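Observations on chain architecture
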Amino acid sequence: MAGQSGSQLSLFTPDEVEFVAEDELVEIVPNLRMDSLNFICGDYGPFYPQIAIQVPLWLALALKKRGKCTIRPPQWMSIENLTQVLEGERESHAFQTLPFHYVEISRLLFDRARDDIPDVYMVRSLVEDIRDVRFHKVETNLENFTNSSLVLQWKNMAAMEVNIIRAFSGRALQAFYRHENEQAVPDLDRTQDRQPQNLNDRPRVCRSFCCIPIFPLHHWIDKIVFISCLLDYCPTIVFLWRAYCLFVVPLQRNLRPR
Amino acid sequence: MDSGTGEGSTSFTDDYETFISTTDVDLLKRAWRNEKAAPEILQYEAALVHRIKEQIELAEQNVEASEADGEDPLTMSLYQMDLDRTQFLLRSYLRVRLQKIEKYIFHILKTDESLNRLSDEEQTFAASCGDDLRAHLKETVLSKLPTDYNSELKQSAASEEDDMVPAPRLDSFVICKARQYISGLDFEPEYSHEITEMERDLLTFVCYKFIKKPLENGKIDLV
């Protein structure tokens, strides 16, 4: 009926993130004379030939498409700045300062204003490298989620990176929070749209796993439970894991040479 | 503008500059993002939506008038693009709210706090949607169950609370940014040991219920 942007309410599609990024201001040099434009989102102009002016990115791309302007790449997209940022990313654990929408802006400019960027191949490869290094850092940081990390703060992460890990990290943190506070949340789970029986079973089952002293597999227990909570196949995996613990492990213990 | 010497005057000039430079479209974009990212339904921005609707109607009339006058097609198409963008924001905002109403229909009808956050049209919609759903459930399933089990709100007559009603998960995690420095006083006292402060413009992953109060006061934006 009403839904259009994805079945999950709180997820932004990449197109929506790009939509938000298109409101960022860029500098253009028009080659035509035009009166000022009084948009709902603001007033821009008047436009004189060869006089630079700041406009939103969507307007710049529309004018560029019709051949009415050239776009000046933003300051941060110069080769010197990007090389510096890339070196900074490689050396330190923190994220370097880049515009929040740098991924979307750079992609749109590469796609539609390629001839306005000097050394476009070099710039493009630098931006790709920066994206790879930053995302690798994001993945490493995700591994450091613990059950005590209820409030996480990251500096200088970009919009697209946030959007990619939004669903996963939200559910992971929620799973940690629920397992930690399972005693404080008695029957609240029953109001969810799942069968209450399975949900009430979940915390008890997980706790019993962690009590089984099967060193060095206990960290595997945490990983499997963690992943199974995310995948929502918990009952099946829980059952298989239980069967493994109850039947296979004692056999292994008996057979293992002491 | 004079540069402020103390903390109070700098924040005043910041607020004033933000006030004069924030367009309605910026406000709508912020409301749209907050609504999309939040697990429960937020307060309806009646004044903002009304203003935007008026501006959209005005823009539509302008576009039609300039089309009739035979104006420069480039200018017309640019105005049309701006109009489309604003219309998308408004429609998506209203759609997200409707989706949330449909998802948590019984919970919203039950809770006065949630009901007050809806606009008048949304309340009418919620009431009729709830009635339709109730009638549908009764007709298809509930009338065939024994009397103790045929309520759409409770699992059985022995349940103490309405446990068949899905409620929004306030302990889901969201990503947010503070628009100004937030001290411990802005948070609810029961969560003050979990979160004590938030710096400006720092991306924070946090449980939604911790930041519910600053969000309502407009000090935090969800990303």
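Residues numbered from 1 in each chain as written. Chains lettered and ligands numbered in written order. Predicted model: local features only at pLDDT ≥ 70, side-chain atom pairs only at ≥ 80, totals over all residues. Heavy atoms only, no water.

**Side note on the UniProt feature "domain: GINS subunit" (unreviewed entry) in chain B**
The cut-off we apply is this: UniProt positions are given in the numbering used here, feature names are shortened, and annotations may be inferred rather than shown by experiment. Counting from the N terminus, the helices are the DSSP runs of H or I reaching at least four residues and the strands are the DSSP runs of E reaching at least two.
This chain's UniProt record puts "domain: GINS subunit" (unreviewed entry) on residues 70-139 of chain B. Within residues 70-139 of chain B, the helical portion is 89% and the strand portion 0%, while the C-alpha atoms at the span's ends are 58 Å from each other.

**A few points about helix 6 (residues 159-180) of chain A**
Note the following rule: Each residue after the first adds 1.5 Å to the expected span of a helix. At any given residue, the bend is defined as the angle formed between two axes, one fitted to the seven residues that end at that position and one fitted to the seven that begin there.
Compared with an ideal rise of 1.5 Å per residue, which puts 22 residues at 32 Å, helix 6 of chain A spans 30 Å between its outermost C-alpha atoms and is within 8% of the ideal. Its maximal kink placed at R166 of chain A, helix 6 of chain A deviates by approximately 50°.

**Structural notes on the domain arrangement of chain B**
Residues and elements named next belong to chain B. The condition that has to hold: Domains are outlined according to an automatic or database domain assignment. We call two residues in contact whenever any of their non-hydrogen atoms come within 4.5 Å of each other. The buried area of a pairing is the accessible area, by a 1.4 Å probe, that goes missing from both parts when the two are put together, added over both. A side-chain nitrogen of Lys or Arg and a carboxyl oxygen of Asp or Glu constitute a salt bridge if their distance falls within 4 Å. Definition of a polar contact: a pair of N or O atoms within 3.5 Å, with one able to donate and the other able to accept a hydrogen when the atoms are protein atoms, and with sequence-neighbouring residues admitted only if both atoms are side-chain atoms.
Each domain of chain B was delimited in the assignment, giving domain 1 (2-103) and domain 2 (173-222). Taken together, the contact between domain 1 and domain 2 spans 10 residues of the former and 9 residues of the latter. Note on domain 1 versus domain 2: buried area summed over both sides is about 710 Å², and carbon and sulfur give 49% of it. Ranking the residues of domain 1 by area buried against domain 2 places R30, N34 and E40 at the top, with a combined share of 51%. There are 2 salt bridges connecting domain 1 and domain 2. K212 is the salt-bridge partner of E40, the closest N and O atoms lying 3.3 Å from each other. Here domain 1 is connected to domain 2 by 3 residue pairs in polar contact (both at pLDDT 80 or more).

**Description of the sheet that holds strand 4 (residues 53-56) of chain A**
Residues and elements named next belong to chain A. Rules: Strands were regarded as paired on the criterion that DSSP finds at least two bridges between them. The axes used here are C-alpha line fits, helices contributing only the stretch in contact, and every angle between their N-to-C directions lies in the interval 0 to 180 degrees.
Ordered in space as 4-1-5, the 3 strands form an open sheet in which the pairing is antiparallel. Lying at the two open borders of the sheet, with one neighbouring strand each, are strand 4 and strand 5 (69-72). For this sheet the average axis-to-axis angle between neighbouring strands, irrespective of direction, equals 45°. Pairing analysis gives 4 bridges linking strand 1 (residues 25-30) to strand 5, with the strands arranged antiparallel. Across the sheet, the residue bridging to P30 is C69, located in strand 5. Together, strand 1, strand 4 and strand 5 form the strand contacts of helix 2 (residues 57-65), whose direction differs from that of strand 4 by roughly 105°.

**Brief notes about the interface of chain A and chain B**
Contact with chain A, which involves 51 residues of that partner, is made by 53 residues of chain B. In total, chain A and chain B occlude about 5100 Å² of area from one another, counting both sides; carbon and sulfur atoms represent 64% of this. Here chain A and chain B share 4 salt bridges between them. For D23 of chain A, the salt bridge is made with R85 of chain B, and the minimal N-O distance between the two is 3.2 Å. The tally of links between chain A and chain B comes to 11 residue pairs in polar contact (both at pLDDT 80 or more). Mapped by element, the contributors of at least two residues to the side of chain A that touches chain B are helix 1 (14-21), strand 2 (37-39), helix 2, strand 6 (152-154) and helix 6 of chain A.

**What to know about the packing of aromatic side chains**
What counts is decided by this rule: Aromatic pairing here means that ring centres of Phe, Tyr or Trp (its six-membered ring) are within 6.5 Å. Orientation follows from the plane angle: under 30 degrees is stacked, over 60 is edge-to-face, and everything else is tilted. Only protein chains enter the accessibility calculation, which uses a 1.4 Å probe. A residue is then buried if its area is under 20% of the maximum for its type, exposed if over 50%, and partly exposed in between. Whether a charge sits over a ring depends on NZ of Lys or CZ of Arg being within 6 Å of the ring centre and within 35 degrees of the ring normal.
Counted under the stated rule, the structure contains 10 aromatic pairs over all chains. For the ring pair F12 of chain A and W32 of chain B, a centre distance of 5.8 Å and an interplane angle of 85° mean the geometry is edge-to-face. Residue F12 of chain A is located in the segment before helix 1, and its partner W32 of chain B is located in helix 2 (residues 24-37); the two belong to separate chains. The exposure classification of F12 of chain A matches that of W32 of chain B, with both residues buried. The interplanar angle of 75° and the centroid separation of 6.1 Å between the aromatic rings of Y177 of chain A and F173 of chain B together place this pair among those described as edge-to-face. Here F173 of chain B lies in strand 1 (residues 173-178) and Y177 of chain A lies in helix 6, a pairing that spans two chains. By relative accessible area, Y177 of chain A is classed as buried at 7%. A relative accessible area of 10% places F173 of chain B in the buried class. An aromatic cluster is defined as three or more aromatic residues linked by ring pairs; in this entry it consists of F12 and F19 of chain A together with W32 and F88 of chain B. Taking the ring centre of F12 of chain A as reference, the NZ or CZ of K36 of chain B above it sits at 5.4 Å.

**Notes on the UniProt feature "domain: DNA replication complex GINS protein PSF2 N-terminal" (unreviewed entry) in chain A**
The positions that UniProt labels "domain: DNA replication complex GINS protein PSF2 N-terminal" (unreviewed entry) are, in the present scheme, residues 13-71 of chain A. Secondary structure over residues 13-71 of chain A splits into 29% helix and 32% strand, and the C-alpha atoms at its two ends are 27 Å apart.

**Topic: a negative patch on the surface**
The cut-off we apply is this: In this scheme, patches are assembled from residues that exceed 30% relative accessible area and form no salt bridge. Like charges are connected within 9 Å, while nonpolar side chains (Val, Leu, Ile, Met, Phe, Trp, Tyr) are connected within 5 Å. Here the open area of atoms and residues is found with the Shrake-Rupley method and a 1.4 Å probe, where only the protein chains shown may cover a residue. Only four residue types enter the tally: Lys and Arg on the positive side, Asp and Glu on the negative side; His and the chain ends are excluded. In plain terms, the charge of a residue is placed at NZ if it is Lys, CZ if Arg, CG if Asp and CD if Glu.
Together, E54, E57, E60, E64 and E67 of chain B make up a region of like negative charge exposed at the surface. With respect to the helices and strands, E54 of chain B occurs in helix 3 (residues 46-69).

**Describing helix 7 (residues 120-140) of chain B**
Residues and elements named next belong to chain B. Our working definition: Within this analysis, the arc is defined by the directions that extend from the helix axis to the C-beta atoms.
Compared with an ideal rise of 1.5 Å per residue, which puts 21 residues at 30 Å, helix 7 spans 30 Å between its outermost C-alpha atoms and is within 8% of the ideal. Taken as a whole, helix 7 has its buried residues at E122, A126, C129 and G130. Buried residues of helix 7, viewed axially, fall in a sector of 105°; they line one side. Residues of helix 7 that are exposed and point more than 90 degrees away from the buried face comprise D120, E121, T124, D132 and E139. The inward-facing, buried residues of helix 7 contact helix 4 (73-103) and helix 5 (105-110).

**Side note on the confidence of the model for chain A**
Close inspection of predicted coordinates is inappropriate in any region flagged by low pLDDT. Residues and elements named next belong to chain A. Using the following cut-off: You can read pLDDT as the predictor saying how much it trusts each residue, on a scale of 0 to 100.
Of all residues in chain A, 71% have pLDDT values of 70 or greater, and the mean over the chain is 77. Ranking the helices and strands of chain A by mean pLDDT puts helix 2 first, with 94, and helix 7 (residues 196-211) last, with 39. The low-confidence segment residues 1-7 (pLDDT under 50) makes 12 contacts with residues lying over four places distant or belonging to another chain. Scored below 50 in pLDDT, residues 185-217 makes 43 contacts in the model with residues more than four places away or belonging to other chains.

**A closer look at the environment of V141 of chain B**
Relative to the helices and strands, V141 of chain B resides in the loop between helix 7 and strand 1. Taking the C-alpha atoms as reference points, V141 of chain B and E54 of chain B, separated by 87 residues in sequence, lie 46 Å from one another.

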